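# Survey of secondary and tertiary structure
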Amino acid sequence: MCGIVGFIGEEQAAPILLDGLARLEYRGYDSAGVAVYDRENNALSVHKAKGRLKVLSDLLQGGAAVEGTIGIGHTRWATHGAPSDVNSHPQVSQRGKIAVVHNGIIENYAELKAFLLANGVEFRSETDTEVIAQLIEYFYRGDILTAVNRVLHRIQGAYALGILCVDTPDQLIAVRKDSPLILGYGDGCSFLASDVTAIIRHTREISYMEDGEVAVLTRTGIQCYDHLMQPVQKEVVRVDWEIDAAEKGGYEHFMFKEIMEQPDALRRCISPRIRDGEVFFEDFVFDADYIRNIDRIFIVACGSSYHVGMVGKYTLERLTRKPVEVSLASEFRYMDPIIDERTLVVVISQSGETLDTMAALREARRLGAKILSIVNVVGSSIARESDQVLYTWAGPEIAVATTKGYTTQLAMVDLLGLYFARVLGTIQPEEYREVLTGLSELPEKMERVLQDRDGVQYLASQYFNHRSIFFVGRNLDYALGLEGSLKLKEISYIHSEAYASGELKHGTISLIEDGTLVVALGTYGKLFEKAMSNVVEVKSRGADVLALTTESRREEMARTANAVITIPDVSDILLPSLGVVPLQLFAYYVALMNGCDIDKPRNLAKSVTVE
Ligand code: AGP
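Reading the values: the criteria
- Residue numbers run consecutively from 1 along every chain, following the written order of its sequence.
- At least 70 in pLDDT is required for a residue's local features to be given in this predicted model, at least 80 for side-chain atom pairs to be given and counted, and no such filter applies to totals for whole chains, interfaces and linings, which use all residues.
- Hydrogens and water are ignored here; the side-chain numbers use all heavy atoms of the structure.
- Each helix is a run of H or I in the DSSP string that is no shorter than four residues. Each strand is a run of E no shorter than two, and both are numbered from the N terminus.
- One bridge is not enough; two strands pair if DSSP finds at least two bridges between them.
- Lines fitted to the C-alpha atoms define the axes, with helices restricted to the stretch that makes contact. Angles between their N-to-C directions range from 0 to 180 degrees.
- In what follows, residue pairs with any heavy atoms lying within 4.5 Å of each other are defined as contacts.
- The span expected for a helix works out to 1.5 Å for each residue beyond the first.
- Accessibility here uses a 1.4 Å probe with only protein chains present; expressed as a share of the type maximum, an area under 20% marks a residue as buried, one over 50% as exposed, and anything in between as partly exposed.
- An angle below 35 degrees is read as roughly parallel, one above 145 as roughly antiparallel, one from 65 to 115 as roughly perpendicular, and any other as oblique.
- Helix crossings fall into two classes, left-handed where the near helix is turned counterclockwise from the far one by less than a right angle and right-handed where it is turned clockwise.
- Residue polarity follows a fixed list, in which Ala, Val, Leu, Ile, Met, Phe, Trp, Tyr, Cys and Pro are nonpolar, Asp, Glu, Lys and Arg are charged, and the others, Gly among them, are polar.
- Think of a 1 Å grid over the protein atoms and nothing else: a 1.4 Å probe that fits but is trapped marks a cavity, an open set flanked by protein within 12 Å on at least five of seven lines marks a pocket, and residues with an atom within 4 Å of a point count as lining.
- Grid points are joined across faces, edges and corners, and a volume is the space filled by probe spheres set on the points.
- Side-chain rings of Phe, Tyr and Trp (the six-membered ring for Trp) are treated as a pair once their centres are within 6.5 Å; stacked means planes under 30 degrees apart, edge-to-face means over 60, and tilted covers the remaining angles.
- The rule is short: NZ of Lys or CZ of Arg within 6 Å of the ring centre and within 35 degrees of the ring normal puts a charge over the ring.

## Re the environment of Ala543
Assignment of secondary structure puts Ala543 in the loop between α17 (528-539) and β26 (544-550). Measuring from C-alpha to C-alpha, the distance between Ala543 and Arg23 comes to 43 Å, with 520 residues separating the pair along the chain.

## Digging into the sheet that holds strand β24 (residues 495-500)
Pairing within the open sheet is parallel, and its five strands lie in the order β24-β23-β25-β26-β27. Edge positions in the open sheet fall to β24 and β27 (563-567), since each of these has one partner strand only. The sheet shows a mean angle of 20° between the axes of neighbouring strands, direction not considered. Of the pairings in the sheet, the one linking strand β23 (residues 468-473) to β24 comprises six bridges and is parallel in character. Directly across from Phe470, in β24, lies its bridge partner Glu497. Taken strand by strand, helix α16 (residues 476-492) contacts β23, β24, β25 (517-522) and β26, and its axis lies near 175° from that of β24.

## Some remarks on α16
With 17 residues, α16 extends 24 Å from end C-alpha to end C-alpha; this agrees with the ideal 24 Å at 1.5 Å per step. Burial within α16 is extensive, with 14 of its 17 residues counted as buried. Note on α16: the residue one or two positions beyond its end, Tyr493, has a positive phi of about 65°.

## Here's the deal with the packing of helix α3 (residues 109-118) against helix α4 (residues 129-139)
Between α3 and α4, the shortest axis-to-axis distance is 10 Å and the interhelical angle comes to 45°. Classified by the angle between their axes, α3 and α4 sit oblique to one another. Between α3 and α4 lies a crossing of left-handed hand. Across from Tyr109, Leu112, Lys113, Phe115 and Leu116 in α3, the residues of α4 making contact are Val131, Gln134, Leu135 and Tyr138. A per-class count over the contact of α3 with α4 returns seven nonpolar, one polar and one charged.

## Details of the layout of surface pockets
Taken as a whole, the largest pocket holds about 820 Å³ of empty space. The wall of the largest pocket is formed by 41 residues, among which Trp241, Asn376, Val377, Val378 and Pro396 lie closest to the centre. Mapped by element, the contributors of at least two residues to the lining of the largest pocket are β15 (237-238) and α7 (262-270). Residue composition of the lining of the largest pocket, by class: 18 nonpolar, nine polar and 14 charged. Around the second largest pocket sit 27 residues that line it, and Cys302, Gly303, Ser304, Lys606 and Val608 are the ones nearest its centre. At the level of secondary structure, the elements contributing two or more residues to the lining of the second largest pocket comprise α9 (303-320), β20 (343-349), α11 (355-366), α13 (404-424) and α16. Here the lining of the second largest pocket is built from residues that sort into nine nonpolar, 13 polar and five charged.

## As for the packing of aromatic side chains
In the structure shown here, the tally under the stated rule is 14 aromatic pairs. When the ring of Phe7 is compared with that of Phe191, the centres are 5.3 Å apart and the planes differ by 50°; the resulting orientation is tilted. Remark: Phe191 occurs in strand β10 (residues 189-193) and Phe7 occurs in strand β1 (residues 3-8); sequence separation between them is 184 residues. A centroid spacing of 5.7 Å and a plane angle of 85° characterise the contact between Phe284 and Phe286, whose relative ring orientation is edge-to-face. Accessibility assignment for this pair places Phe284 and Phe286 in one class, buried. Grouping aromatic residues by their ring pairs yields a cluster made of Phe281, Phe284, Phe286, Tyr290, Tyr419 and Phe420. The residue whose ring lies beneath Arg273 is Trp393, and the NZ or CZ to ring-centre distance is 3.8 Å.

Written as C-alpha cells, this is what we have:
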C-alpha cells in the first residue's frame, strides 16, 4: 500500500506535499518523491529518493528548494520493482509531459508495457505505474482528460492516481478504482490524498471518490466525472476529529499512544450504543425477522481483524446459538463458500480498505449474503459497500500494529452479539445485564491493566532476547494467543507461534526444550485446570512459562509458572478485551528493547490494498 497526495493553490506546493507524505508514511515508507510544476522552465520538477521520507525532505530542504504551487507526492510500499530512486514515484512519461503517483496494482501492466515498447517507448523503471504515465502520453493529443480516459479503459487492477501534465499546469487529475482517494476543498486551493490525515491541517471539507470517478482539481474548485465522463456532484463532508488525534501527543511511538488511549477509544465505541440498559444501534437496517431468519454467520477478515473474528466465533455462537464460521478473507475468496441469502457475512476491517477483505465482501454479496461491516475509518471502501456498517470510532490509528482498532472491534462484536441475543431470546436477562455492565466497566478495568504496565516491561526485559516464543491457550485464550503472537512478530521480528494448547501433544511439543519461552494464556475460568496441566506439561520439558490469568487465579498459577501477569476478573466474553493489553505491551517493550522501528515495522504497511 502507498500514500499519495496532491495540491494546487497559491502557496508553495513542496512543503505541503512533504507534510502530507509525513502523515501518510504509515502506509508505506521504502521511498518517496514529489513532482512540482516549474513555471519558469515550463517543466515538471521531479525529486525522489529511496528510504524514509526524511531523506527526500532533507534533499529538498523541507520543500524550500522546489518552486511551484501545484504538485503531487508519493510514499511507497514497493510491489513492482525493488525500492530504489528510479522505481520511486512520481513516475514520468518519456517526453517528460506526464507525472503520475499511484496507490494500487496494475494487473495487466506487462502486456501494456510490451505494447508500448513495441511502439518505441523507452522505460526507465520496473514499476507498473510507469506504464500509466507512458500510456497517457502515448494517447495524449493535447487533451489530458481524453488521454486519461482512454487509458482507464485499458488498465486493469486497483488504482488511486494523482496526475500532473506539464501542458495543463493549472489542474491536477485524480482517479479512483479500488484504492482509497479523497478530495479536499480549500480557499483558493484543492487537495487529493489517500486519507484525511494528510490534509486535515489545510482543510476539513472533503469528499470520498467512488470507483471509476475522475476529478479535475483547480484553484477554484473540483469537478468530478463518473466512469462515463458525465459530471457528478460530490457530497462534501466535514471531518471533525482533532488534529492531534493523528499526532503522537508526547508519546515516543504512535503504538504506545494508541495502547494507552484504548480506554477512551472503548468509551467512544461503547457508550453511544447503550441506551436505557439496552444495546442500541442507530438506523440499524437488519430487523427482527431478518435476524431470526439468519441460518449462519460468516466472519471474514485479515490479520488482527481475523483474530477478532476468532474470538467473535465463541462470543456470537455463545450468545446467538447460531453457527458461526470464521475465514481468512484471502482464503474465503477462493474456497467456493456455502453462502446464500440467509447467511450474514460480518466483515471486520480497521482501515476499511484491505483488498483481500473487500474482494471477499464482493464475493459474499455475489452469493446473496447481506453484509455487516465493523470498520474504524469512516467512509472507507468496505464501509460504503456494506448493507450495514458499525463504526468503532477508535479515532485514527497510525501505528502499523493495531491495538485500539482490535479492542474496539472486539467490543463491537460483543455489542452485536448482545443485540442479536436479545432479539432471538437466547440470553437470560441477568446474563444480558451482567455482560452489558461488564462492557460499560471495561474502560476503567483496562486503565487498571495499563497502570500495571511496569510489571510487563520488567518481564519483557527478562525475555526480549528470545528468538522463538509460543503462545498457548484454549478456546477464548487460543484466539487471544493468536493476536498476542502476531503483535510480537510484526514489531519485534521474533518468531512466534500461537497454538491450541490441547494440540501441543500432537507434535509441536517436540519443539519445547530447556529455556523455550511459552506464554500460557489461562484467563478462561472454565478451562483453567486444563491450562494448568498444559503449563506443567511444557515446564516438565524445560520451558520457561510466562502465564496470563485473572486476579482470582494468580496464586494457583504462580505455584507452577515462572512469572504471572493478571487481569481483573470479568465476564468470560470480555476476557480477551482485557487479556490482549498485557500482550500488546509485552510486544511493544520487547520490540523497543530490540531497537526495532515500532510504528513502521519492516516490510509492513498499515493497510494492505494489494492482493
Ligand atoms: C495488525 O497489527 C496488522 N497490522 C494487520 O494484520 C492488520 O490487522 C490486517 O492487515 C487487517 O487490516 P484491516 O483491519 O485494516 O483490514
